[in-house]
Amino acid sequence: MVQNVANQGSAFGGINRVGTTQNGRIIYQITDYNGNEAGKMTVPMQDADTFEKSYQDIMETAPKLQKYALEHSSEQDMKKRKRTSRIIIGLGTLIGAGIPIYLTRKSPSTIKQVLATAGGMIAGLAAGLGISLAVTTPPGMMKFSKAAKNISKIDVQPLEETP
């Protein structure tokens, strides 16, 4: 178990484990970027490790994503990424269709050629989409998305402190 999720200061704030509620939920103290307490929340004990790991992943990738957004958010950069993506997808589809056409060029069965070409196009399109996604996605985005998805599945609740 991670005992101290974000002991150090961060430009994005932090979360520290501070205790357990009477019903067994883990209490986390939320701090803002200045280190001031911003509130408290609770997480079920069985989800604490997932929450802490996901939070660490988000805090690790957030600065990279912020830097990428600042450096690559111009209209020209966005058009370049979009063009690169289209080229990769198009080439993947062409290669996917070209290989079966070449391999079945001497086949007497037209149906076999058509089916092989259609299957190759679909496979090439899928491969092109995957490669395009890998090439044009900011570094750390997949890890960030997975962590955010994991946290969204957890029952995180604000701590209602009574005086």
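A few points on the structure.

Conventions adopted
Residues numbered from 1 in each chain as written. Predicted model: local features only at pLDDT ≥ 70, side-chain atom pairs only at ≥ 80, totals over all residues. Heavy atoms only, no water. Helix = DSSP H or I, 4+ residues; strand = E, 2+ residues; numbered from the N terminus. Rg over C-alpha atoms; globule rule 2.2 N^0.38 Å. Buried < 20%, exposed > 50% of the residue type's maximum accessible area, 1.4 Å probe, protein only. Areas by Shrake-Rupley, 256 points an atom, 1.4 Å probe, with all protein chains shown as cover. Core = buried A, V, L, I, M, F, W, Y, C linked by side-chain atoms within 4.5 Å. Axes fitted to C-alpha atoms, helices over the stretch in contact; angles between N-to-C directions. Left-handed = near helix turned anticlockwise from the far one by under 90°. Contact = heavy atoms within 4.5 Å. Parallel < 35°, antiparallel > 145°, perpendicular 65-115°, else oblique. Pairing = 2+ DSSP bridges.

**Things to note about the overall build of the protein**
Right, so step 1: Counting its secondary structure elements, the protein contains 4 helices and 4 strands.
Right, so step 2: In sequence order, the secondary structure elements of the protein are arranged as β-β-β-α-α-α-α-β.
Right, so step 3: In terms of overall dimensions, the protein is more spread out than a globule: its C-alpha atoms have a radius of gyration of 24 Å, far above the 15 Å expected for 163 residues.
Right, so step 4: Seen through its C-alpha atoms, the protein measures out along the principal axes to roughly 85 × 40 × 20 Å.
Right, so step 5: Out of the 163 residues in the protein, the part that is buried amounts to 31%.
Right, so step 6: In the form shown here, the protein has an accessible surface area of approximately 10,900 Å², with 60% of it arising from carbon and sulfur atoms.

**Some remarks on the environment of methionine 141**
Right, so step 1: Among the structural elements, methionine 141 can be located in helix α4 (residues 141-152).
Right, so step 2: Residue classification places methionine 141 among the partly exposed positions, given a relative accessible area of 30%.
Right, so step 3: C-alpha separation for the pair methionine 141 and serine 73, spaced 68 residues apart in sequence, amounts to 15 Å.

**Points about the nonpolar core**
Right, so step 1: Core analysis: the biggest nonpolar cluster contains 13 residues, and Ile15, Tyr28, Met41, Val43 and Phe51 have the highest contact counts within it.
Right, so step 2: Looking at this core, the elements that each hand over two or more residues are β2 (25-31), β3 (37-44), α1 (48-71) and α4.

**Quick word on the packing of α1 against α4**
Right, so step 1: Two elements in contact, α1 and α4, have axes whose closest approach is 8 Å; the angle formed by their N-to-C orientations is 145°. Handedness of the α1/α4 crossing: left-handed. Between α1 and α4, the residues in contact are Thr50, Phe51, Ser54, Tyr55, Asp57, Ile58, Glu60, Thr61 and Leu65 and Met141, Lys143, Phe144, Ala147, Ala148, Asn150 and Ile151, respectively.

**Describing the packing of helix α2 (residues 75-103) against helix α3 (residues 110-136)**
Right, so step 1: Remark: α2 packs on α3, axes separated minimally by 7 Å, with the N-to-C direction vectors making an angle of 150°. One way to sum up the angle between α2 and α3 is to call them roughly antiparallel. Remark: the crossing between α2 and α3 carries right-handed chirality. Note on element contacts: α3 touches α2 through Ala116, Thr117, Gly120, Met121, Gly124, Leu125, Gly128, Leu129, Ile131, Ser132, Val135 and Thr136, opposite Arg81, Thr84, Ser85, Ile88, Ile89, Gly92, Thr93, Gly96, Ala97, Pro100 and Ile101.

**Quick word on the sheet that holds β2**
Right, so step 1: The sheet built from 4 strands is open, its strands ordered β1-β2-β3-β4 with antiparallel pairing. Taken across any chain shown, the strands that pair with only one partner, and hence form the sheet edges, are β1 (14-20) and β4 (157-158).
Right, so step 2: Pairing analysis gives 6 bridges linking β1 to β2, with the strands arranged antiparallel. Paired with asparagine 16 across the two strands is glutamine 29, which belongs to β2.
Right, so step 3: Sitting on the sheet, α1 touches β1, β2 and β3, and the angle it makes with β1 is about 165°.

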